[in-house]
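Spelled out from the first residue to the last, the chains are:
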Amino acid sequence: MTREKTGALVILLFSVAYGLLATKIPLSFLSEQEVFTARTMPYALAVAGIVLSLAIIILPTVDPEGKASLGEATKGMDWSTAILLVVLMLVFGLIMKWLGFILSSILFLLCGFRILGETRIRLMLFSAIPLVLALWCIMSLLLGVYIAPGEIFYQLGVL
Amino acid sequence: MWDGMLTGMMTGITTTLIPINIAMVLMGCFAGSFIGMLPGLGPITAVALMIPITYGLDPTTGMVLLAGVYYGAIFGGSTSSILINAPGEAATVATALDGYPLARQGYPGKALAIAAYASFSGGTIAVILLMFFAPMLASIATSFQSADYFALMLLGLTAVSAFAGRGGVLKALLMVVVGLMLSTVGTDQTSGIQRFTFGSLELLDGIEFLLLAMATFALTEALSIVLKRDASSDSLNPKMIGFKSLKVTKKEFKFILPTILRSSLLGFFVGVLPGAGATLGSFMAYGMERNLAPKEEQKKFGKGSLRGLAAPETGNNAASSGSFVPLLTLGIPGSGTTAVMLGALIAYGIEPGPRMFVERPDVFWGVIMSMYLGNVFLLILNLPLIPYFARLLAIPRTLMVPIILFFSLMGVYLVTFNDFDIQMMVFFCIAAMALRLMNFPMAPLLLGFILGGLMEDNLRRSLMIYDDSMAFMWERPITLGINLLTLFILLLPAARTLWERFRRSSPPEPGLP
């Protein structure tokens, strides 16, 4: 299957799920009598999504770039690095509240540099620390935006 | 009208010449050139990355900054196209066709200088046209009703797909629909009913537009650099560009002048079409010049032709300015980047459209007049800085990619201070990455998302006015006209395919080789 047909199949499933969820949108007694309700647009969009994705699946692929299969198109890609970066971003979101902006950001950048293969520790530190501190200064001191310190500082009794 | 225009221009000049606005034009041009130059990052990413900074600013100042970033990024994209054959985005692909061969022949400085002059001329001519056309369209648009707006939004969304590449029409339309679906998440404005929130408090207000823009563009573009093991940013030798190499002779100027004038006009009018944008502007200008060139010159196209370089560079800058016409006068974005800017305007509490011309002349005229200044700054700033900018391209991706990811995540977090948004961004980034790998475009999705709420509102209002009848689609002459145009644009790709088939199947005339 060509990669654009694979994509259309995924969106077809998404549109069907979206349409089914749209039937669960609650309506008040009065709004049920109206022609245009909170469900109208979602229903129309679900139908449009299903029709268009089916059209892509059924009709022959014209776009030369879309003709390759997903396997061929993604062959030789550096998946492990990309997955590690995605995991790093998720972890960053989780630790932000606990470690606070400065610590978690520096850790994120150092880990990111390392994942991409950077080995020069000094360069990593000289890139990450001033960047994060500069951003913190701009936001907190210059623009007056309050950035809460991490929970860890309260738990350790530092703040 | 002329009196109003003169007053507006004066308002624009006084607004632009405030020191903070001058500083923002300068900063926008600089930041845009820098971000646009980085391989993989285009104007949408550049504008999205700058939005969090503008939230603390006055709306006019914020828009002036974003406009500067926009045309700065278009200019920056051409630098990476010429130097390392790595167009930052689609609008500068045509620049690489002749710019890169020129650089390889030993004239990187000349190519960059011609690109700078062409961008300046294209941008400036388009701003003059924008100044006349925008108020004209705005005054006509004051008589528009909900039905016309609904039809216009339909036109904008379908036009995006019609201008997609070969075989891309259905995909672009499908992405518009997905964008519209995402816009329905949250609380329904009229009834107050929750839709697709799954009981989550974070989704009550819907999906944050900045979050979606950052996830679908900035994060995915950084990740695709990693996935493709794109080492282009490591391969440049910046020493090859010196100040002396930037010289362009008088003869060369005279040679490219007609190209610049033609491409400026074409680029502007292409940019005005909703959904067309800078990409189409650059390719159409390139195609037109190749067709108009004498046979000897035609052979040089793709091998380092000066006209082949000047045309797309002028065309994309003129189209960028042109795309501000539907944004400022109708509230309908002309391209993916202006869709992001529309989101920013709405976030400031300003509703773009014909009323903006009357209600917020400072924003309307401030943005237009700041473009003159921006084009001059781009020329003055970028020409001497080209050798230094080129060095920035040598920053290794091992440092650059995590920094881009960090700024994208922070851009959203520092606005909402909600760590759930970071998780949601990663989720959308994975989905967008998958769609990109399956060759689906992202700009129509963003356009659909931005226009979704407005479209639903206008459709609901039109139905109410017309007693739940769809007659509003053909009863008003303006609506009917716009709908016919939409139909024409939708049928255009099919008609083109049929015409090509007919031409191929018809036998050659006797006597012809």
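Residues numbered from 1 in each chain as written. Chains lettered and ligands numbered in written order. Predicted model: local features only at pLDDT ≥ 70, side-chain atom pairs only at ≥ 80, totals over all residues. Heavy atoms only, no water.

If you check an unreviewed UniProt entry, chain B appears there as Tripartite tricarboxylate transporter TctA from Desulfomarina profundi.

Within an unreviewed UniProt entry, the label attached to chain A reads DUF1468 domain-containing protein, and the organism entered is Desulfomarina profundi.

S.K.: Now, about the overall build of chain B: what can you tell me, with residues and values included?
M.R.: When helices and strands are counted, chain B shows 22 helices and 2 strands. In chain B, which comprises 513 residues, the proportion classed as buried is 62%. The long-range fraction of contacts in chain B, counting pairs at least 24 apart against all pairs at least 6 apart in sequence, stands at 79%. As displayed, chain B has an accessible area near 19,400 Å², and 67% of this comes from carbon and sulfur atoms. (Helix = DSSP H or I, 4+ residues; strand = E, 2+ residues; numbered from the N terminus. Buried < 20%, exposed > 50% of the residue type's maximum accessible area, 1.4 Å probe, protein only. Contact = heavy atoms within 4.5 Å. Areas by Shrake-Rupley, 256 points an atom, 1.4 Å probe, with all protein chains shown as cover.)

S.K.: An account of the side chain of Asp188 of chain B is needed here, citing residue identities and associated values.
M.R.: For Asp188 of chain B, the location among the structural elements is in the loop between β1 (186–187) and β2 (194–195). The class of Asp188 of chain B is buried, set by a relative accessible area of 3%. At 3.1 Å, the side chain of Asp188 of chain B and the side chain of Arg460 of chain B are in polar contact. Dropping the residues within four chain positions of it, Asp188 of chain B is found in contact with Ala38 of chain A together with Ile193, Arg195, Glu456 and Arg460 of chain B. (Polar contact = N/O pair within 3.5 Å; in protein donor to acceptor, adjacent residues only side chain to side chain.)

S.K.: How would you sum up the packing of helix α18 (residues 397–416) of chain B against helix α19 (residues 419–437) of chain B? Please name residues and give values.
M.R.: Residues and elements named next belong to chain B. Across the interface, α18 lies against α19 with an axial gap of 9 Å and an inter-helix angle of 145°. The handedness of the crossing between α18 and α19 comes out as right-handed. Here α18 contributes Ser408, Leu409, Val412, Tyr413 and Thr416 to the contact with α19, which in turn contributes Asp419, Asp421, Ile422 and Met425. Here the residues of the contact of α18 with α19 are counted per class, giving 5 nonpolar, 2 polar and 2 charged. (Axes fitted to C-alpha atoms, helices over the stretch in contact; angles between N-to-C directions. Left-handed = near helix turned anticlockwise from the far one by under 90°. Nonpolar A, V, L, I, M, F, W, Y, C, P; charged D, E, K, R; others polar.)

S.K.: Break down the packing of aromatic side chains for me, citing the residues and quoting the values.
M.R.: Remark: the centre distance and the inter-plane angle together describe each pair of aromatic rings, the angle taken between the planes. Under the defined criterion, the tally for this structure stands at 16 aromatic pairs over all chains. With a centroid separation of 4.5 Å and an interplanar angle of 20°, the aromatic rings of Tyr18 of chain A and Phe196 of chain B are classed as stacked. With Tyr18 of chain A in helix α1 (residues 3–22) and Phe196 of chain B in the loop between β2 and α9 (209–227), this pair bridges two chains. Accessibility assignment for this pair places Tyr18 of chain A and Phe196 of chain B in one class, buried. On the numbers, 5.3 Å between centres and 80° between planes, the contact of Phe268 of chain B with Phe269 of chain B is edge-to-face. By relative accessible area, Phe268 of chain B is classed as buried at 0%. (Phe/Tyr/Trp six-rings, centres within 6.5 Å; stacked < 30°, edge-to-face > 60°.)

S.K.: Break down helix α5 (residues 93–104) of chain B for me, citing the residues and quoting the values.
M.R.: Residue and element names in this part refer to chain B. End to end, α5 covers 16 Å across 12 residues, agreeing with the expected 16 Å (1.5 Å per residue, within 8%). Burial in α5 covers these residues: Ala94, Thr95, Ala96, Asp98, Gly99, Pro101, Leu102 and Ala103. Phi turns positive, to about 100°, at Gly106, one or two residues after α5. (Expected span 1.5 Å × (residues − 1).)

S.K.: So, the nonpolar core: which residues are in play, and what are the values?
M.R.: Judged by nonpolar contacts, the single largest core of 199 residues is most densely connected at Phe324 and Ile368 of chain B. Setting aside residues up to four positions removed in sequence, Phe324 of chain B forms contacts with Ala67, Tyr70, Leu130, Met341, Val367 and Met371 of chain B. (Core = buried A, V, L, I, M, F, W, Y, C linked by side-chain atoms within 4.5 Å.)

S.K.: Outline the interface of chain B and chain A, supporting the account with residue identities and numerical values.
M.R.: Chain B puts 58 residues into the contact, and the matching count from chain A is 70 residues. Regarding the contact of chain B and chain A, the summed buried area is about 5,700 Å², with carbon and sulfur atoms giving 81% of it. In terms of surface lost to chain A, no three residues of chain B exceed Met181, Phe406 and Met438 of chain B, which account for 11% of the buried area on that side. Our enumeration of links across chain B and chain A arrives at 1 salt bridge. Residues Lys171 of chain B and Glu4 of chain A are paired through a salt bridge, measuring 2.9 Å at the closest nitrogen-oxygen approach. Where the side of chain B that touches chain A is concerned, the elements lending two or more residues are α8 (169–183), β2, α9, α18, α19 and α20 (443–465) of chain B. With 13 residues, α18 of chain B is the single largest residue contributor to the side of chain B that touches chain A. (Buried area = accessible area lost by both parts, 1.4 Å probe. Salt bridge = Lys/Arg side-chain N within 4 Å of Asp/Glu carboxyl O.)

S.K.: An account of the packing of helix α3 (residues 40–58) of chain A against α8 of chain B is needed here, citing residue identities and associated values.
M.R.: How two helices sit against one another is set out by the angle between their axes and by the gap between those axes. The interhelical angle for the contact between α3 of chain A and α8 of chain B, taken along N-to-C directions, is 155°, at an axis separation of 9 Å. Considering the angle they form, α3 of chain A stands roughly antiparallel to α8 of chain B. Here the hand of the crossing between α3 of chain A and α8 of chain B comes out left-handed. The residues of α8 of chain B that touch α3 of chain A, namely those facing Leu45, Ala46, Ala48, Gly49, Leu52, Ser53, Ala55 and Ile56 of chain A, are Leu170, Lys171, Leu173, Leu174, Val177, Leu180 and Met181 of chain B. (Parallel < 35°, antiparallel > 145°, perpendicular 65-115°, else oblique.)

S.K.: Lay out the pattern of salt bridges with the relevant residues and their values.
M.R.: Pairing is possible between side chains that carry opposite charge, provided their charged atoms lie close to one another. Summed over all chains, the structure comprises 14 salt bridges over all chains. One salt-bridge network, in which partners are shared between bridges, spans Asp188, Arg195, Glu456 and Arg460 of chain B.

S.K.: Could you give an account of the side chain of Asn483 of chain B, with specific residues and numbers?
M.R.: Along the chain, the position of Asn483 of chain B falls in helix α22 (residues 477–505). For Asn483 of chain B, a relative accessible area of 14% gives the class buried.

S.K.: Talk me through unusual backbone geometry; I want residue IDs and the actual numbers.
M.R.: Negative phi characterises most residues that are not glycine, and trans characterises most peptide bonds. All names here are of chain B. Located in the positive-phi region is Phe198, a residue other than glycine, with phi close to 50°. By secondary structure assignment, the location of Phe198 is in the loop between β2 and α9. Residue Phe198 is classed as exposed on the basis of its relative accessible area, which comes to 65%. Notably, Asp467 is not glycine yet its phi reads approximately 50°, a positive angle. Relative to the elements of secondary structure, Asp467 occurs in the loop between α20 and α21 (472–475).

S.K.: Give a detailed account of the confidence of the model for chain A, specifying residues and quantitative values.
M.R.: Per-residue pLDDT for chain A averages 89, and the proportion of residues at 70 or more is 99%. Helix α2 (residues 29–32) of chain A is the least confidently modelled element of chain A, averaging 76 in pLDDT, while α3 of chain A averages 95, the highest of any element. (pLDDT = per-residue confidence, 0-100.)

S.K.: I'd like to hear about the UniProt feature "transmembrane region" (unreviewed entry) in chain A, residue by residue, with values.
M.R.: When the UniProt feature table is mapped onto this chain, "transmembrane region" (unreviewed entry) is found at residues 6–30, 42–62, 82–111 and 123–148 of chain A. The straight-line gap between the two end C-alpha atoms of residues 6–30 of chain A is 42 Å; of that span, 76% is helix and 0% is strand. (UniProt positions renumbered as here; feature names shortened; annotations may be inferred.)

S.K.: Pulling in residues and values, what's your account of the environment of Ile346 of chain B?
M.R.: Checked against the element boundaries, Ile346 of chain B lands in helix α15 (residues 336–347). For the pair Ile346 of chain B and Gly331 of chain B, spaced 15 residues apart in sequence, the C-alpha to C-alpha distance is 9.8 Å.

S.K.: Give a description of α19 of chain B that names residues and reports values.
M.R.: It helps to recall that an α-helix has 3.6 residues per turn; residues three or four apart then point in one direction. For α19 of chain B, with 19 residues, the first-to-last C-alpha span of 28 Å sits near the 27 Å given by 1.5 Å per residue. For α19 of chain B, every residue scored as buried is listed here: Asp421, Ile422, Gln423, Met424, Met425, Val426, Phe428, Cys429, Ala432, Met433, Leu435 and Leu437 of chain B. Residues of α19 of chain B that are buried sit in contact with α1, α4 (70–73) and α5 (79–115) of chain A together with α8, α9 and α18 of chain B. Put simply, Asn418 of chain B is the residue that caps the front of α19 of chain B, since its side-chain oxygen is 3.1 Å from the backbone nitrogen of Phe420 of chain B.

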